[in-house]
Amino acid sequence: MKQSYGYQAMLYLFSIAICLVMVIPFVWSLITSIRPDEEIFMLPIRWIPSGLTVSHYVKAFELVPFGLYFSNSFYLAMMGVLFNLLLGSLSGYAFAKLHFRGRDTMFKILLAAMMIPGVVTLIPQFFVLKHIPFVGGNDWSGVGGNGLLNTFWAVILPGASGSFAVFFMRQFFVSLPSDLQEVSRIEGSGELRIYWNIYMPLAKPALATLGIFTFQAGWNSFLGPLIMLNDPAKKTIQLGLAAFTYNKQVDFGPLMAGALIAVVPILILFLLLQKYFVQGIAFTGTKG
Amino acid sequence: MASVSKLSRHQSRMGYLFITPTIFLFVIFTIIPVIMALYLSFTNYDIVSKNDFIGIDNYKRLADDPIFWTTLKNVLFYSVLYIPLNIIISLSMAVLFMRKRIGVKLFRTAGYLPTLTSGVAAATVWIWLLNPEYGLVNELLSKIGITGPSWLAEMPYAMLSIVFVTLWQSVGANMIIYLAGLNGVPDHLYESAKLDGANAWQSFRYMTWPVLRPTTFFVSTMSIIGALQLFDQAFVLTKGGPANSTKTTVYYIYQQGFGQLQMGYADAMAFALSLIILVFSLLNMKLNKEDESII
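Residues numbered from 1 in each chain as written. Chains lettered and ligands numbered in written order. Predicted model: local features only at pLDDT ≥ 70, side-chain atom pairs only at ≥ 80, totals over all residues. Heavy atoms only, no water.

Residues and elements named next belong to chain A. Across the interface, helix α8 (residues 163-175) lies against helix α11 (residues 204-220) with an axial gap of 10 Å and an inter-helix angle of 160°. What the angle tells us is that α8 and α11 run roughly antiparallel. At the point where α8 passes α11, the crossing takes the right-handed sense. Contact residues: Phe164, Ala165, Phe168, Met169 and Phe172 in α8; Ala206, Leu207, Thr209, Leu210 and Phe213 in α11. When the residues that make up the contact of α8 with α11 are grouped by side-chain class, the tally is nine nonpolar, one polar and no charged. (Axes fitted to C-alpha atoms, helices over the stretch in contact; angles between N-to-C directions. Helix = DSSP H or I, 4+ residues; strand = E, 2+ residues; numbered from the N terminus. Parallel < 35°, antiparallel > 145°, perpendicular 65-115°, else oblique. Left-handed = near helix turned anticlockwise from the far one by under 90°. Contact = heavy atoms within 4.5 Å. Nonpolar A, V, L, I, M, F, W, Y, C, P; charged D, E, K, R; others polar.)

Okay, structure coming up:
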């Protein structure tokens, strides 16, 4: 496997060029967010700031209630994770390890639904959430109030047990041996106990991966919250950031600070769980 | 035997119990909405008052709505650029970062980094980078003697910018998927191909590419579904401008449905768009199958 040094050097140069394109936007927005105001609009550009300031971060929090939006987004993303892990693993386990009539047909329908474009269900979901009976001022027939609209449930419930979560967990449980199940059954354990005490602890890597995906999806989602949440106190960080860019006289310092704040939780999650991240994508990728 | 059937009854009861919450949510938030979408597209539903059956009026209106056709043209133009480029770039990155070279982990991480951002955050950062006067992109271009355009405000460049930003944000994820697919090619195959005198292109063309066919199918299908539903980046970067040149169909559906409250009409559009997505997905499936028989 001897390749010429020139060829190797070219590959390296190419790799480095790609990485620069991928990383420079982060670096540049970080520099913009910590440099003094008057230096932001200075030509020609200077890479090294003359001084450091946190004033843009302070201003970002003053212009937009980022603290509130941050905790709203966190709550929504965490609820998404909890629901998907629990419901996804329950049904994934059932589809993989339990036998019942209609199992394979139901699983196929669930899988096929992954292909339905989100835009089709968008408006009817709005309709359904608005007309859920007995909540948000609605009577038994679902008329009168706003149903679940403008509550966090309007964002949580439609994504609470996605086809992807079920599919992902099923693939994992299929790969685990069934012997454990047989043995426990002979010893007289119930199915719920077998699922919870034996298979769930083994599924930790899969749960971690799915958790990361779900958190990322929940944290980054935009169109759903945009439609379902109108109450300013319920807005998410993505909505806040988008509203921020609507400002006519854009203040790029605070804007870059805001954009970075919106990325930080995912970045930390990624750095902590990098191993699972890549494994998880590899896993779903090859199964696709 | 009695105990066995009791056991299997218990098992199937528990099976149904386990899937009940998922199926319940699935019916309420997927099955019913899909049926309802079809029904609503034949009504003039506007949230507030009306909900009358008006037949195919929405679809007739759709056919005569120039903005709808413009948005469709926009997303098709976007897709035609975005999908092949996405596959070519992410595959090249995977091939480039496949071998265990020094620093390859760093390269992979850097390549993956943008996929962690949201469409909104990515767009926000790029608004600044693409700023015509103070943006980094035009500044760098001026260093090599090119006067960059006002990227987000001029006609062909606005859509090209969106293509670029969405590529920046998504090629990393597909690179990882391709890297996973490449794990399926044992190293010794490359070694022996080399011994047989195959050059880099030949071993890619006759080994890597066929092995990656299922991965490419997966990546292209997901790209089609995503690309034709472009929204976040267009909403933040250009707000559909200039002159509707970056207004996407989902953007228009959002405006008609939730801005004008013309939900029936918006649903007709959503249905039309998903039919188009379906056609393209089937086409993609067919394309992939046909290729296989050639090889």
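Residue and element names in this part refer to chain B. Here, the residues flagged by UniProt with the feature "transmembrane region" (unreviewed entry) are residues 16-42, 75-98, 110-129, 157-180, 211-231 and 264-283. In this annotation, residues 75-98 is assigned 92% helix and 0% strand; the end-to-end C-alpha distance for the span is 33 Å. Secondary structure content for residues 264-283 is 100% helix and 0% strand, and the end C-alpha separation is 29 Å. (UniProt positions renumbered as here; feature names shortened; annotations may be inferred.)

Here we come to the interface of chain B and chain A. Listed by partner, the interface residues are 89 residues for chain B and 96 residues for chain A. Approximately 8,400 Å² of surface area, both sides summed, lies buried where chain B meets chain A, with 79% of it carried by carbon and sulfur atoms. When residues of chain B are sorted by the area they lose upon contact with chain A, Phe18, Phe29 and Trp128 of chain B head the list and together hold 10% of the total. Our count for the chain B to chain A interface comes out at zero salt bridges. Summed over the shared surface of chain B and chain A, the result is 15 residue pairs in polar contact (both at pLDDT 80 or more). Counting residues per element, the side of chain B that touches chain A draws most heavily on helix α1 (residues 2-40) of chain B, which supplies 23 residues. The residue makeup of the side of chain B that touches chain A, split by class, is 62 nonpolar, 18 polar and nine charged. (Buried area = accessible area lost by both parts, 1.4 Å probe. Salt bridge = Lys/Arg side-chain N within 4 Å of Asp/Glu carboxyl O. Polar contact = N/O pair within 3.5 Å; in protein donor to acceptor, adjacent residues only side chain to side chain.)

Now for the UniProt feature "domain: ABC transmembrane type-1" (unreviewed entry) in chain B. Under the local residue numbering, the UniProt record ascribes the feature "domain: ABC transmembrane type-1" (unreviewed entry) to residues 72-284 of chain B. Counting secondary structure, residues 72-284 of chain B comes out at 73% helix and 0% strand; the distance between its end C-alpha atoms is 19 Å.

Counting through the fold element by element, Asp57 of chain B comes out in helix α2 (residues 57-63). Residue Asp57 of chain B is classed as partly exposed on the basis of its relative accessible area of 40%. (Buried < 20%, exposed > 50% of the residue type's maximum accessible area, 1.4 Å probe, protein only.)

With that settled, consider the UniProt feature "transmembrane region" (unreviewed entry) in chain A. Under the local residue numbering, the UniProt record ascribes the feature "transmembrane region" (unreviewed entry) to residues 12-31, 74-95, 107-128, 148-173, 194-219 and 252-273 of chain A. Secondary structure across residues 107-128 of chain A divides into 77% helix and 0% strand, with the first and last C-alpha atoms of the span separated by 24 Å.

The next subject is the nonpolar core. If you look at soluble globular proteins, the nonpolar side chains tend to sit buried side by side. Within the largest apolar cluster, 168 residues are counted, with the highest numbers of intra-cluster contacts made by Phe173 of chain A together with Phe231 of chain B. Tallying contributions element by element places helix α7 (residues 155-182) of chain B first for this core, with 13 residues. With sequence-adjacent residues up to four places away left out, Phe173 of chain A is seen in contact with Ser89, Gly92, Tyr93, Ala96, Lys97, Tyr199, Met200 and Ala203 of chain A. Residues Leu76, Met79, Ile156 and Leu229 of chain A belong to the second largest nonpolar core, which totals five residues. (Core = buried A, V, L, I, M, F, W, Y, C linked by side-chain atoms within 4.5 Å.)

Residue and element names in this part refer to chain B. For chain B, the assigned domains read domain 1 (1-40) and domain 2 (57-294). Distance from the C-alpha centre of domain 1 to the C-alpha centre of domain 2: 36 Å. Each side of the interface is counted separately: domain 1 has four residues, and domain 2 has four residues. Between domain 1 and domain 2, the buried area comes to about 350 Å², and carbon and sulfur atoms account for 62% of it. The three residues of domain 1 that bury the most area against domain 2 are Ala37, Leu38 and Leu40, which together make up 92% of that side's buried surface. Where domain 1 packs against domain 2, one counts zero residue pairs in polar contact (both at pLDDT 80 or more). Of the residues in the side of domain 1 that touches domain 2, the class split is four nonpolar, no polar and no charged. (Domains from an automatic or database assignment.)

A separate point is the domain arrangement of chain A. Residues and elements named next belong to chain A. Each assigned domain of chain A is listed with its residue range as follows: domain 1 (1-53) and domain 2 (58-283). With centres defined by C-alpha atoms, the gap from domain 1 to domain 2 works out at 35 Å. With seven residues of domain 1 in contact, the opposing surface of domain 2 contributes six residues. Summed over both partners, the interface of domain 1 with domain 2 buries about 550 Å², with 81% contributed by carbon and sulfur atoms. Taken together, the links from domain 1 to domain 2 amount to zero salt bridges. Applying the counting rule to domain 1 against domain 2 returns zero residue pairs in polar contact (both at pLDDT 80 or more). For the side of domain 1 that touches domain 2, the residue count by class is four nonpolar, three polar and no charged.

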